[in-house]
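# Residue-level structure breakdown
Here's the letter readout for the chains.
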Amino acid sequence: MYVGLHTASLPQVLAEARQRIVLHMALYAEFGRMPALADALRTALTQPTFRRLQMITVPLASRRNWVDEFLHALRPDLTAVQMEHEFAASRDFIVRLAARHEGLVEVYETHALPCAPCIIVDDRILFGHYAHSPVPMEQGFWFSVAAPMDELFAWAEAGVLPRDATPRHRAAFRFVCDCRNAMRQAKRMLL
């Protein structure tokens, strides 16, 4: 358990990725503002064995009734104009990253309600929680677990959870399913 995402050594975790990263974080403006995070992603993306970075974001403009409430929970201190700037900074970071690493970055603008911020790096899941609070998610509790991600993603793709799945695998599978659901209910951005 970590108190605040900054204590989880996220730049190091990202930089050590060898195959996959899934970011289900809603907004990525901070990645553009923090050189250590941007550099860590670039390091991972240049590994010869690295296969894919999938980034899941939320739409700024939507008719879905959960978006306004979610954005307020995500950044309660921001005005609508400031939130637009956050989305612009997030989009700019994503576009630049995808352009530099063509073919390795997939971006999904989801219409599914995000349930928890989640980062999957190889066989590790790092997750926090969203809350209606003046304390932003980055400063909340964060947890890290190891799980056989290739197996869990295969189960999610097949839509089948084996009967003999352990309780630990079932718990980790929930995060994989949330990410897969977000991607299925998304408009894939072609960058």
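A quick note: this is a predicted structure, and the numbers were derived from the prediction, not measured. Residue positions are counted from 1 within each chain, in the order its sequence is given. Local features in this predicted model are restricted to residues of pLDDT 70 or higher, and side-chain atom pairs are both shown and tallied only at a pLDDT of 80 or more, whereas totals for entire chains, interfaces and linings draw on every residue. Side-chain metrics rest on all non-hydrogen atoms present in the structure, leaving aside hydrogens and water.

### Here's the deal with the nonpolar core
Which entries qualify depends on this criterion: To form a nonpolar core, buried Ala, Val, Leu, Ile, Met, Phe, Trp, Tyr and Cys residues must be joined to one another through side-chain atoms within 4.5 Å. Working definition: with a 1.4 Å probe on protein chains only, accessible area under 20% of the residue-type maximum means buried, over 50% means exposed, and in between means partly exposed. The numbering of helices and of strands both runs from the N terminus, where a helix is a DSSP run of H or I of at least 4 residues and a strand a run of E of at least 2. By definition, residues are in contact when any of their heavy atoms lie within 4.5 Å.
One finds Leu 14, Ile 21, Leu 23, Leu 41, Leu 53 and Met 55 to be the most contacted residues of the largest nonpolar core, which totals 44 residues. Listing elements by their share of this core, those giving two or more residues are α1 (10-15), β2 (20-26), α3 (35-45), β3 (52-57), α4 (66-74), α5 (80-100), β4 (105-110) and β5 (118-121). With sequence-adjacent residues up to four places away left out, Leu 53 is seen in contact with Ile 21, Leu 23, Leu 41, Leu 45, Leu 97, Leu 104, Val 105 and Glu 106. By size, the runner-up hydrophobic cluster in this structure holds 22 residues, among which are Ile 120, Leu 152, Ala 165 and Phe 173.

### Considerations on helix α6 (residues 149-158)
Filter applied, for reference: Taken from the helix axis, the directions to the C-beta atoms give the arc we talk about.
Of all the residues in α6, the buried ones are Met 149, Leu 152, Phe 153, Trp 155 and Ala 156. End-on view of α6: buried residues confined to an arc of 155°, all on one side of the axis. Opposite the buried face of α6, at more than 90 degrees from it, the exposed residues are Glu 157 and Ala 158. Packed against the buried residues of α6 are β2, β5, β6 (124-127) and α7 (167-184). Positive phi shows up at Gly 159, right after α6, with a value of about 70°.

### Here we look at unusual backbone geometry
Despite not being glycine, Ser 9 has its phi angle at roughly 55°, a positive value. Turning to its location among the elements, Ser 9 is positioned in the loop between β1 (2-3) and α1. Taking relative accessible area as the criterion, Ser 9 reaches 35% and is therefore assigned partly exposed. The phi torsion at Asp 122 lies on the positive side, around 50°, for a residue other than glycine. Within the secondary structure, Asp 122 is located in the loop between β5 and β6. Relative accessible area serves as the criterion here: at 18%, Asp 122 is assigned to the buried category.

### Looking at the layout of surface pockets
Using the following cut-off: Whether a set of points on the 1 Å grid over the protein atoms alone is a cavity depends on a 1.4 Å probe fitting there but being unable to get out, while an open set qualifies as a pocket with protein on both sides within 12 Å along at least five of seven lines; lining residues are those with an atom within 4 Å of a point. Grid points are joined across faces, edges and corners, and a volume is the space filled by probe spheres set on the points.
Estimates place the volume of the largest pocket at around 390 Å³. Along the walls of the largest pocket sit 18 residues, with Leu 5, Glu 30, Met 34, Leu 37 and Glu 138 positioned nearest its centre. Of all the elements, helix α2 (residues 29-33) adds the most residues to the lining of the largest pocket, at three residues.

### What about the pattern of salt bridges?
The condition that has to hold: Basic side-chain nitrogens of Lys or Arg form a salt bridge, by our definition, when they fall within 4 Å of a carboxyl oxygen of Asp or Glu.
Following the criterion strictly, the structure yields twelve salt bridges and no others. Of the charged contacts in the structure, one is a salt bridge between Arg 33 and Glu 86, with a shortest N-O distance of 2.8 Å. Here Arg 33 is found in helix α2, whereas its partner Glu 86 is found in helix α5, with 53 residues between them in sequence. Residue classification places Arg 33 among the partly exposed positions, given a relative accessible area of 41%. Owing to a relative accessible area of 11%, Glu 86 belongs among the buried residues under this scheme. A salt bridge links Glu 106 to Arg 188; the nearest nitrogen and oxygen atoms lie 3.7 Å apart.

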